[in-house]
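Structure at a glance
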Amino acid sequence: MSVADDDLAARRRVWVALSDLYLDTEVETLYDGCAQVLADSPYALLALERMLREDVDPLLRRNLMVPAGVWDGFDADWLVSRILDKQRKWRLGRWFNPLFDGYADELWRELQPRIVAARSGVADVSTADRHEA
């Protein structure tokens, strides 16, 4: 496996974990598991936040706006293909929806302290530094 393949495999795990937070279901119970996947990744917090905001959020936020969105998981191959296609060919423009435009902000506020805690071996998120960059 080449470095590029290793990187794609690591990115895929991050993208798939983040995609679960866009399912049409109660995702709060998924925060800790998603944060652990992100903490186990080789990426810095800033890179993880960019993956959320630039790769996953623009592609999947629409799922939160339909009456019966995907609730049982996005197909990982489809997800990766769409993200890579977007990165190669075009930029998915940000569009404003007052109900969901801040969703990535909310997710990052939940995930960041959990990632920091997991990486530092702190069991309780409340004792982790919430502002580590």
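So, a few notes on the structure that sits alongside this text. (Residues numbered from 1 in each chain as written. Predicted model: local features only at pLDDT ≥ 70, side-chain atom pairs only at ≥ 80, totals over all residues. Heavy atoms only, no water.)

**Quick notes on the overall build of the protein**
A tally of regular secondary structure across the protein gives five helices and zero strands. Written out in order from the N terminus, the α and β elements of the protein read α-α-α-α-α. Within the protein, the fraction of its 133 residues that count as buried is 39%. Pairs at least 24 residues apart make up 73% of the contacts formed inside the protein by residues separated by at least 6 positions. Summing over all exposed atoms, the protein offers an accessible surface of approximately 7800 Å²; the carbon and sulfur share of this is 52%. (Helix = DSSP H or I, 4+ residues; strand = E, 2+ residues; numbered from the N terminus. Buried < 20%, exposed > 50% of the residue type's maximum accessible area, 1.4 Å probe, protein only. Contact = heavy atoms within 4.5 Å. Areas by Shrake-Rupley, 256 points an atom, 1.4 Å probe, with all protein chains shown as cover.)

**Some details on the packing of helix 3 (residues 45-60) against helix 5 (residues 103-120)**
With their axes 11 Å apart at the nearest point, helix 3 and helix 5 run at an angle of 150 degrees to one another. Compared by their axis directions, helix 3 and helix 5 come out roughly antiparallel. The two elements helix 3 and helix 5 meet at a crossing, and its hand is right-handed. Between helix 3 and helix 5, the residues in contact are Leu45, Leu48, Glu49, Leu52, Arg53 and Asp57 and Tyr103, Ala104, Asp105, Leu107, Trp108, Gln112, Ile115, Val116 and Arg119, respectively. Looking at the contact of helix 3 with helix 5 residue by residue, the classes come out as nine nonpolar, one polar and five charged. (Axes fitted to C-alpha atoms, helices over the stretch in contact; angles between N-to-C directions. Parallel < 35°, antiparallel > 145°, perpendicular 65-115°, else oblique. Left-handed = near helix turned anticlockwise from the far one by under 90°. Nonpolar A, V, L, I, M, F, W, Y, C, P; charged D, E, K, R; others polar.)

**Considerations on helix 3**
Counted at 1.5 Å a residue, the expected span for helix 3 with its 16 residues is 22 Å, and the 21 Å between its end C-alpha atoms agrees. At Leu52, helix 3 shows its maximal bend, which comes to roughly 30 degrees. (Expected span 1.5 Å × (residues − 1). Bend = angle between axes of the 7 residues up to and from the residue.)

**What about the packing of aromatic side chains?**
The description of an aromatic ring pair rests on the distance of the ring centres and on the angle between the ring planes. For the structure on display, the rule yields two aromatic pairs. Seen in terms of ring centroids, Tyr22 and Tyr103 are 5.1 Å apart; in terms of plane orientation they differ by 75 degrees. Their pairing is edge-to-face. Within this pair, whereas Tyr22 is found in the loop between helix 1 (3-19) and helix 2 (31-40), its partner Tyr103 is found in helix 5, the two being separated by 81 residues in sequence. For Tyr22, a relative accessible area of 0% corresponds to the buried category. In this structure Tyr103 comes out as buried when scored by relative accessible area, which is 13%. Centroid distance Phe74 to Trp78: 6.3 Å. Interplanar angle 20 degrees. Geometry classified as stacked. Residue classification places Trp78 among the partly exposed residues on the basis of a relative accessible area of 35%. (Phe/Tyr/Trp six-rings, centres within 6.5 Å; stacked < 30°, edge-to-face > 60°.)

**Structural notes on the nonpolar core**
Grouped together as the largest cluster of nonpolar side chains are 35 residues, with contacts concentrated most on Leu18, Leu21, Tyr22, Leu38, Leu111 and Ile115. Of all the secondary structure elements, the ones that give two or more residues to this core are helix 1, helix 2, helix 3, helix 4 (76-89) and helix 5. (Core = buried A, V, L, I, M, F, W, Y, C linked by side-chain atoms within 4.5 Å.)

**Some thoughts on the pattern of salt bridges**
Tallied over the entire structure, the rule returns eight salt bridges. Arg12 serves as the salt-bridge partner of Asp77, at 2.8 Å between the closest nitrogen and oxygen. In this pair, Asp77 sits in helix 4 while Arg12 sits in helix 1, placing the two residues 65 residues apart along the sequence. According to the relative accessible area criterion, Arg12 is partly exposed, its value standing at 30%. A salt bridge links Arg61 to Asp57; its shortest N-O distance comes to 2.4 Å. Of the two residues examined, Arg61 and Asp57, each falls in the buried class. Salt bridges sharing partners connect three or more residues here, namely Asp32, Glu110 and Arg114. (Salt bridge = Lys/Arg side-chain N within 4 Å of Asp/Glu carboxyl O.)

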